[in-house]
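Coordinate inspection notes
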Amino acid sequence: MSNESLANLLKEERRFAPPADLAAGANVTAEAYEQAKADRLGFWAEQARRLTWAKEPTETLDWSNPPFAKWFKDGTLNVAYNCVDRHVEAGNGDRVAIHFEGEPGDSRAITYAELKDEVSRAANALLELGVQKGDRVAIYMPMIPETAIAMLACARIGAAHSVVFGGFSADALATRIQDADAKVVITADGGYRRGKPSALKPAVDEAIGRVDNVRNVLVVRRTGQEVAWDDSRDLWWHEVVGRQSAEHTPEAFEAEHPLFILYTSGTTGKPKGILHTSGGYLTQVAYTHWAVFDLKPETDVYWCTADVGWVTGHSYIVYGPLANGGTQVMYEGTPDTPHQGRFWEIVQKYKVTILYTAPTAIRTFMKWGDDIPAKFDLSSLRVLGSVGEPINPEAWIWYRKNIGADRTPVVDTWWQTETGGIMISPLPGVTEAKPGSAQRPLPGISATVVDDEANEVPNGGGGYLVLTEPWPSMLRTIWGDDQRFIDTYWSRFEDRYFAGDGAKKDDDGDIWLLGRVDDVMLVSGHNISTTEVESALVSHPSVAEAAVVGAADETTGQAIVAFVILRGTAAETEDLVAELRNHVGATLGPIAKPKRILPVAELPKTRSGKIMRRLLRDVAENRQLGDVTTLTDSAVMDLIQAKLPAAP
Ligand code: WT7
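A quick note: this is a predicted structure, and the numbers were derived from the prediction, not measured.

Rules and cut-offs
Residues numbered from 1 in each chain as written. Predicted model: local features only at pLDDT ≥ 70, side-chain atom pairs only at ≥ 80, totals over all residues. Heavy atoms only, no water. Helix = DSSP H or I, 4+ residues; strand = E, 2+ residues; numbered from the N terminus. Rg over C-alpha atoms; globule rule 2.2 N^0.38 Å. Buried < 20%, exposed > 50% of the residue type's maximum accessible area, 1.4 Å probe, protein only. Contact = heavy atoms within 4.5 Å. Areas by Shrake-Rupley, 256 points an atom, 1.4 Å probe, with all protein chains shown as cover. Lys, Arg positive; Asp, Glu negative; His and termini not counted. Charge placed at Lys NZ, Arg CZ, Asp CG, Glu CD. Near = heavy atom within 4 Å. Polar contact = N/O pair within 3.5 Å; in protein donor to acceptor, adjacent residues only side chain to side chain. Nonpolar A, V, L, I, M, F, W, Y, C, P; charged D, E, K, R; others polar. Expected span 1.5 Å × (residues − 1). UniProt positions renumbered as here; feature names shortened; annotations may be inferred. Phe/Tyr/Trp six-rings, centres within 6.5 Å; stacked < 30°, edge-to-face > 60°. Lys NZ or Arg CZ within 6 Å of the ring centre and 35° of its normal. pLDDT = per-residue confidence, 0-100. Pairing = 2+ DSSP bridges. Axes fitted to C-alpha atoms, helices over the stretch in contact; angles between N-to-C directions. Core = buried A, V, L, I, M, F, W, Y, C linked by side-chain atoms within 4.5 Å. Right-handed = clockwise from strand over helix to strand, strands pointing away. Parallel < 35°, antiparallel > 145°, perpendicular 65-115°, else oblique.

1. Quick look at the overall build of the protein
A tally of regular secondary structure across the protein gives 21 helices and 30 strands. A globule of 648 residues ought to have a C-alpha radius of gyration of about 26 Å, and the protein, at 24 Å, matches this closely. Across the 648 residues that make up the protein, the buried fraction comes to 62%. For the protein, long-range pairs separated by at least 24 residues make up 71% of all intrachain contacts whose partners lie at least 6 apart in sequence. Of the roughly 23,900 Å² that the protein leaves accessible, carbon and sulfur atoms contribute 47%. Considering the protein, the positive charge centre built from 65 side chains and the negative charge centre built from 88 side chains are found 1 Å apart.

2. Examining the site of the ligand
Of all residues adjacent to the ligand, which total 16 residues, the nearest are Asp412, Thr413, Thr417, Asp501 and Arg516. With respect to the ligand, the backbone of Gly388 contributes an N or O atom lying 3.1 Å from a nitrogen atom. Between Arg516 and the ligand, the recorded distance is 2.8 Å, taken from a side-chain N or O atom to an oxygen atom. Protein coverage of the free-state accessible area of the ligand, which is 550 Å², stands at 89%. Only helix H12 (311-323) and strand E25 (511-516) provide two or more residues apiece to the shell around the ligand. In terms of residue class, the shell around the ligand is made up of six nonpolar, five polar and five charged.

3. Quick notes on helix H7 (residues 145-157)
Helix length check: H7 (13 residues) gives 19 Å between terminal C-alpha atoms against 18 Å at 1.5 Å per residue, within 8%. Of all the 13 residues making up H7, 13 are buried; the element is thus mostly covered by neighbouring parts of the structure. Of the residues flanking the end of H7, it is Gly158, one or two places downstream, whose phi is positive at about 80 degrees.

4. Details of the environment of Tyr140
Tracing the sequence through the fold places Tyr140 in strand E6 (residues 136-140). Remark: the alpha-carbon pair of Tyr140 and Val204, spanning 64 residues in sequence, is separated by 8.0 Å. In this structure Tyr140 touches Val164, Phe165, Gly166, Phe168, Leu173, Ile186, Thr187, Ala188, Leu200, Ala203 and Val204, once residues within four positions along its chain are discounted.

5. Section: the environment of Gly209
In this fold, Gly209 is placed in the loop between helix H9 (201-208) and strand E11 (216-220). Sequence spacing of Gly209 and Asp300 is 91 residues, and the spatial spacing of their C-alpha atoms is 45 Å.

6. A word on the UniProt feature "domain: AMP-binding enzyme C-terminal" (unreviewed entry) in the protein
Those places that UniProt annotates as "domain: AMP-binding enzyme C-terminal" (unreviewed entry) correspond, in this numbering, to residues 532-610. Structurally, residues 532-610 comprises 28% helix and 32% strand, and the distance from its first C-alpha atom to its last is 16 Å.

7. Notes on the packing of aromatic side chains
Scanning all chains against the criterion turns up 36 aromatic pairs. Here Phe43 and Trp44 contribute two aromatic rings whose centre-to-centre distance is 5.2 Å and whose plane-to-plane angle is 75 degrees, an arrangement assigned as edge-to-face. Through pairs of rings, three or more aromatic residues link up here, namely Trp63, Phe68, Trp471, Phe485, Tyr489, Trp490 and Tyr497. Its guanidinium or amino end placed over the ring of Phe168, Arg176 lies 4.9 Å from that ring's centre, counting from NZ or CZ. Across from the ring centre of Phe498, 6.0 Å away, lies the NZ or CZ of Arg492, which sits over that ring.

8. A look at the confidence of the model for the protein
Mean pLDDT over the protein: 93, with 97% of residues reaching 70 or higher. Segment residues 1-8 is flagged for pLDDT under 50; beyond a separation of four residues in sequence, or across chains, it makes 19 contacts in the model. Overall fold confidence for the complex sits at a pTM of 0.88, while the interface term, ipTM, reaches 0.99.

9. Concerning the sheet that holds strand E8 (residues 184-188)
Taken in spatial order, the eight strands line up as E12-E11-E8-E6-E7-E14-E15-E23 in an open sheet, and their pairing is mixed. The strands lining the two open edges of the sheet, one partner per strand, are strand E12 (234-236) and strand E23 (477-478). As judged from the four bridges shared by E6 and E8, these two strands associate in the parallel manner. Directly across from Tyr140, in E8, lies its bridge partner Thr187. Each of E6, E8, E11 and E12 is contacted by H9, which is oriented at about 160 degrees to E8, the strand it contacts most.

10. With respect to the nonpolar core
Ranked by internal contacts, the top residues of the largest apolar core, which has 137 residues, are Leu115, Ile186, Phe293 and Tyr319. For this core, the element with the highest residue contribution is H7, accounting for nine residues. Residues contacting Tyr319, with those up to four places away along its chain left out, are Val79, Cys83, Met151, Leu152, Ala155, His161, Leu259, Phe260, Tyr281, Leu282, Val285 and His314. With 30 residues, the next largest nonpolar core counts Ile362, Phe376, Ala395 and Tyr399 among its residues.

11. Comments concerning the pairing of strand E16 (residues 301-304)
Along any regular strand the residues' side chains alternate between the sheet's two faces. Neither face of E16 is left uncovered, since the one carrying Val301 and Trp303 and the one carrying Tyr302 and Cys304 both have all their residues buried. Where E16 lies against strand E17 (residues 327-331), three bridges are found, and the strand directions are parallel. When the bridges of E17 are listed, Val301 appears paired with Thr327. Regarding topology, H12 serves as the crossover connection from E16 to the parallel E17, and that connection is right-handed. Bridge count between E16 and strand E18 (residues 354-357): three bridges; the pairing is parallel. Paired with Trp303 across the bridge in E18 is Leu355.

12. Let's talk about the packing of helix H14 (residues 359-368) against helix H16 (residues 393-403)
Packed helices, taken two at a time, are described by the angle their axes make and the gap between the axes. Interaxial distance between H14 and H16 falls to 10 Å at its minimum, and their mutual angle equals 70 degrees. Judged on the interaxial angle alone, H16 and H14 are roughly perpendicular. On the side of H14, the interface is formed by Ile362, Arg363, Phe365 and Met366, while H16 contributes Glu394, Ala395, Trp398 and Tyr399. Per-class residue counts for the contact of H14 with H16 are six nonpolar, no polar and two charged.

13. Some words on the sheet that holds strand E21 (residues 447-450)
The strand order E21-E22-E24-E25 describes an open sheet built from four strands, whose pairing is antiparallel. The sheet is open, and its two borders are formed by E21 and E25, each paired with just one other strand. For this sheet, the mean angle separating the axes of adjacent strands, direction not counted, is 45 degrees. Here strand E22 (residues 462-467) runs beside strand E24 (residues 497-505); their pairing, made up of five bridges, is antiparallel. Among the inter-strand pairings, Leu467 is bridged to a residue of E24, identified as Tyr497.

This is how it looks when you write it as structure tokens:
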């Protein structure tokens, strides 16, 4: 990446210091960096003491067989006890753990005492079904409290869960059930999405036909819709769980006991079952949730809008917040049901203080207009978080201004399914924030940027993001495939974890993420990141969202092709397209001017909100579309292709 374009990305030069009151009472101060730097393992040993161990660990890290780490290996604990029972024992049983808001408007508040009873009942039910320590249970659910309860019940009895996002097909579900060899599937009749019940059980029925060892399907009744029933296998949750005792004594497991498998689709090959274990994982998610969001469990109302089916939901809906004894909101549905102000209505209703969402959602809210959040009282908010992809400086500023009243810190948190917990992020009471940058590895985390030859780049340089020391919540392997674990993450650079993301260091040494390395374009010998060109486009007042790809080009190697969604009022004219090209040229330099810009109505996204550039590249190169099964809405691609003949 040329230094020229780095300078340009940093054109947004405003800096945002932490609010004085927040800084004064912050959980974490700048000292934490120093402390962790002086004694990294000592720092993590101290963080592990946030947890309640049945046997306290004496060894922090065993790295004698890299890249297979063992954290806190002689310690034992029960993860569910840490997330539930100990808060009740500490006298906080009446504190609300989950404020559930159903899409149709139904709501339920579940206290820690109630959660303890429910998790215990569900654990007893799983035991009755013959689930044992070390088994796997698949969970295919809507966003309802029973999903968290099911996960915690598995953790309580030492069975690893494999949550499969409820939007995935029967096919994807079958592959994942089979790979993990799950014995039981927990599902629901359906959930509410976009104002309608959306079925889940039919996909389970179809998937079960293709797998070997599923003995039972436990079905939560959420929507009351008709379901096909197989008496030999299917059981209603309310019957089986409902009749169990609320007493269950949690057993302590080793720190390295498997907690869950979560599949990442990746761009190639079969899905990778990312394995996370117990003690190190819980230590890091508890610490980071407390540090990055400045969580005050007695007073904060935290809301993470992710689905529990993604790692964000595992770490920052279930395990982190509950380990910390926090109060949170869980919302079942979509942000525009029944109206585009639904999120803000929820913030107002529950007086949410910490909001954690994704850039794709933020850009959607920008598109819908500033007047929508302006109708609601958002004054309770004090920290805003972002996760999932690089946040364009434009979207960052919009978020802070329109949701955070130009007052709240925005923390841009970089991490992955594989890292288990947040790795690079500002700290809200410490960091002078730079819009668009995740900035600094958290205390206890070591990351840097290297070039092709694995040399660390100087400030101002760009290359690949690597993690240089093991961390407690790191993946332990790919389920059933140690070699693939080594090949995928530990072979590109010796002794370093290769994250697959492009990144740069600015002059202060702060880190800017540039998207997956597969998304970097090579135009006339220059590396240009898709993220940069997208940010340049989005910084134009007429553009709401942009996706950029490099398409094979005879003269330049690759040519930049941009797909843009215009803001409500902008007219789709040739003049505007020319203006946008010039705008990118003026922002990033002439080399970055897109060869083609196509205004479109929607962009193809995965169900987790990531733009599928692979499909756009197929379109731009006039190829038959590749696999579209993980797309949220496949009609989007028809609309985009219909646009093509008009292109120059
Ligand atoms: C990839 C991991 C982390 C939970 C959700 C996604 C991208 C994630 C950021 C960020 C820039 C980000 C990276 C990463 N990513 N957060 N704050 N800034 N990029 O988990 O599905 O495993 O995806 O998401 O490319 O490698 P995931």
